Amino acid sequence: MLLAERARAARLEHILKLINRTTFGKRSEKLPADQLALALEDQAVALGEAQGLQAKTNEETERHGLVPRKRRPADTQRASLPAHLPRFEVVIEPDSLECACGGALHKIGEDRAERLDIIPAQHRVMVTIRPRYACRCCTDGVHQAPAPARVVPGGLPTEALIADVLINKYCDHLPLYRQSKIFARQGIEVSRATLANWVGRGIAALLPIVDRMRVDALARSRLSVDETTVKVLAPGTGKTKTGYMWVIVCDDRPHGGADPPLALYTYMPGRGAMWARQLLGAYQGILQVDAWQAYDQFGKDDRANAGVWKSYCWAHLRRKFVDAGSDAPIAQDALQRIARIYGIEKDIRGRPPEERLAVRQERSRPLVEQLHAWFTAISPRVMAGSATSDAMKYALKRWAGFSRFLDDGRIELDNNSAERAIRPVTLQRKNALFAGHQLGAENWAAIASLVETCKMLDLEPYAYLSDVLARIISRSDTDPIDDLLPYNWVNTNAGQTMFEMSNIATAA
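Residue positions within a chain follow its written sequence, with the count starting from 1. Owing to the predicted nature of the model, reporting of local features is limited to residues with pLDDT of at least 70; listing and counting of side-chain atom pairs is limited to 80 or more, with chain, interface and lining totals taken over all residues. Values reported for side chains reflect all heavy atoms of the structure, with hydrogen atoms and water molecules removed beforehand.

**Section: empty space enclosed by the protein**
Points on a 1 Å grid, built from protein atoms alone, make a cavity when a 1.4 Å probe fits but cannot get out and make a pocket when they are open with protein on both sides within 12 Å along at least 5 of 7 lines; residues with an atom within 4 Å of a point are the lining residues. Grid points are joined across faces, edges and corners, and a volume is the space filled by probe spheres set on the points. Following the criterion strictly, the structure yields two cavities of 30 Å³ or more and no others. Its boundaries defined by the atoms lining it, the second largest cavity holds a volume of some 30 Å³. In terms of lining, the second largest cavity is formed by Tyr342, Glu345, Arg349, Glu412, Leu413 and Asp414. Polarity classes work like this: nonpolar for Ala, Val, Leu, Ile, Met, Phe, Trp, Tyr, Cys and Pro, charged for Asp, Glu, Lys and Arg, and polar for all others, with Gly in that last group. Its residues assigned to classes, the lining of the second largest cavity shows two nonpolar, no polar and four charged.

**Some points on the nonpolar core**
Counting 110 residues, the largest nonpolar core has Leu166, Ile209, Val225, Trp314 and Phe321 as its most contacted members. Whether two residues are in contact is decided by their heavy atoms: any pair within 4.5 Å suffices. Excluding residues within four positions of it along the chain, Leu166 makes contact with Cys171, Val199, Ile203, Leu206, Ile447, Leu465 and Leu469. Take the buried residues of types Ala, Val, Leu, Ile, Met, Phe, Trp, Tyr and Cys, join any two whose side-chain atoms come within 4.5 Å, and each joined set is a nonpolar core. Here's how the labels work: a residue is buried when its accessible area is under 20% of the maximum for its type, exposed when over 50%, partly exposed in between, all with a 1.4 Å probe on protein chains only.

**Quick word on the packing of helix H3 (residues 159-170) against helix H14 (residues 461-472)**
Two numbers describe how H3 lies on H14: the axes approach to 8 Å, and their chain directions differ by 140°. Between H3 and H14, the crossing angle belongs to the class labelled oblique. For the pair H3 and H14, the sense of crossing is right-handed. Here H3 contributes Glu159, Ala160, Ile162, Ala163, Asp164, Leu166 and Ile167 to the contact with H14, which in turn contributes Pro461, Tyr462, Leu465, Ser466, Leu469 and Ala470. A fitted line through C-alpha atoms serves as each axis, taken over the contacting stretch for helices, and the angle formed by two N-to-C directions is quoted from 0 to 180°. Helix and strand definitions here come from DSSP, where helices need a minimum of 4 consecutive H or I residues and strands a minimum of 2 consecutive E residues; each element is numbered from the N-terminal end. An angle below 35 degrees is treated as roughly parallel, one above 145 as roughly antiparallel, one from 65 to 115 as roughly perpendicular, and anything else as oblique. Here a crossing is called left-handed whenever its near helix is offset anticlockwise from the far helix by less than a right angle, and right-handed whenever the offset is clockwise.

**Comments concerning the pattern of salt bridges**
The salt bridge definition used is simple: a Lys or Arg side-chain nitrogen within 4 Å of an Asp or Glu carboxyl oxygen. Taken as a whole and judged by the stated rule, the model has 22 salt bridges. Note that Arg212 is salt-bridged to Asp216, the shortest N-O span being 3.1 Å. With Arg212 and Asp216 both in helix H5 (residues 192-218) and four residues apart, this pair spans about one turn of that helix. Judged by relative accessible area, which is 18%, Asp216 ranks as buried. Ionic pairing is found between Asp482 and Arg212, a salt bridge with its closest N-O pair at 2.5 Å. Remark: Arg212 occurs in helix H5 and Asp482 occurs in the loop between H14 and strand E8 (490-491); sequence separation between them is 270 residues. Each member of the salt-bridge network shares a partner with another, and the members are Glu89, Lys107, Glu110 and Arg112.

**Some words on the confidence of the model for the protein**
A score between 0 and 100, pLDDT records how confident the predictor is in each residue. The predicted model of the protein has a mean per-residue pLDDT of 81, with 77% of residues at 70 or higher. When mean pLDDT is compared element by element in the protein, helix H9 (residues 353-378) scores highest at 95, while helix H15 (residues 498-507) scores lowest at 45. For residues 495-508, every residue scores under 50 in pLDDT, and the model assigns this stretch 23 contacts once sequence neighbours within four places are set aside.

**Some thoughts on the packing of aromatic side chains**
Pairing of aromatic side chains here covers Phe, Tyr and the six-membered ring of Trp, requires ring centres within 6.5 Å, and sorts the geometry by plane angle: under 30 degrees stacked, over 60 edge-to-face, intermediate tilted. For the structure on display, the rule yields 10 aromatic pairs. Measuring from centroid to centroid gives 6.0 Å for Trp314 and Trp399, while their planes differ by 70°, and the two rings are edge-to-face. On the criterion of sequence distance, the pair formed by Trp314 in helix H7 (residues 314-323) and Trp399 in helix H11 (residues 399-402) is long-range, its members being 85 residues apart. The same class applies to Trp314 as to Trp399, namely buried. Judged by centre distance (5.7 Å) and plane angle (25°), the rings of Phe321 and Phe375 are stacked. Taken as a pair, Phe321 in helix H7 and Phe375 in helix H9 lie far apart in primary sequence, 54 residues in all. What makes Phe321 buried here is its relative accessible area of 0%. In this structure an aromatic cluster arises from ring pairing among Tyr312, Trp314, Phe321, Trp374, Phe375, Tyr394, Trp399, Phe402 and Phe405. The ring of Trp292 carries the charged tip of Arg271 above its face, separated from the ring centre by 3.7 Å. Lying across the ring of Trp374, Arg337 places its NZ or CZ 4.3 Å from the centre. Sitting over a ring, as applied to charges here, requires NZ of Lys or CZ of Arg to be within 6 Å of the ring centre and within 35 degrees of the ring normal.

Here is the structure:
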């Protein structure tokens, strides 16, 4: 009885420490770079202010001749600005081109300095003129070019403006009521309801592309899957309910794969087995996931998805030992052992699957087998119910999935690509708080799929959406759209898809 009470007390103490760390400390086993950057931002601002004041003082001192004037450092030492940005030159001539001796000054050189400038966003009115023509010699009627198709027939916005609203909302996480206020500052009255209508029509035009991306994703040989909660307004109740945003990520770049990366988001009301089944259907291939029970159905011999090979996420396992606390020596030992495995993965990132597999067989397999033997031997001696004991049992129960990466060079050690794709959802969730209804959450998922895929491809999302909206609206439902997929979209300036250009640059 005494041992049970001690175990319970230790368990409660651990839970309390975990809650405190989650609430007041860092939530990841890695240094939270974003949070650290926010903490240091004010310090950087203060430093910039001090440097500005010091520079002003130096200029005043030099102007009054109290110290010799110093030559400013050459601007060519700065990092160069992107070549694609337009340049305009401002020439600053001396007050006089006549020398003190009476002769004329002639140019012997110049100093050039590049600074980054901006033209603030300014709305303009596009006037479309369609002249009408008639023949003076006959009565064949009036000839006029047909009106171009529009996303909003008879409406105010161009496709470029709709793309801008979509990017502001789903990429920069700017709610529509804030965008309405931005319009108002330029004297343009556009209500939030009108903006919402534009967004809905834009999404309706883009849905065929997202549906095609879903087909492409489920045909890939390896998927990473994750999910997170989103709040959705329950109709007629005035309250919110919890739904789930699922993401499928295809990214073969870590092993030099030729298939372009993509991220596909899907909203579903739940995260149980039936929703995972609906998401993945009869998928066959490698499935990289955490150990959530909804995925247990995949890879079983008596199921339609018997051809699924699950690979579990080592980052989740590592996190469980981090949660055990720094005062747990066994957990710290486990973290050091896992770190050595991650060190090998860092060395082979980007190599072909065959090389990765060979290195893993030679270097990683002995470490993994030693870790398994150590877990098996020490787990019975660790206090039952402790966080360390739970972490070891979590690993041993699923060891086949954790060691799957040793047999296939295409498999990643963790599911971090899917976890990274979840982060934009959490940012949107903080800004929008909840989706207005289920269809709103589904629309959110559709645009997030396009925006985040563009980011993975190093595409500028606005350039992609504005061009694709203008092109897809003129096509019928039966017309092909392969050329409008983010990874097939052609940069008209270069004549190559952005993914091809990226591969060429990487090879060079």
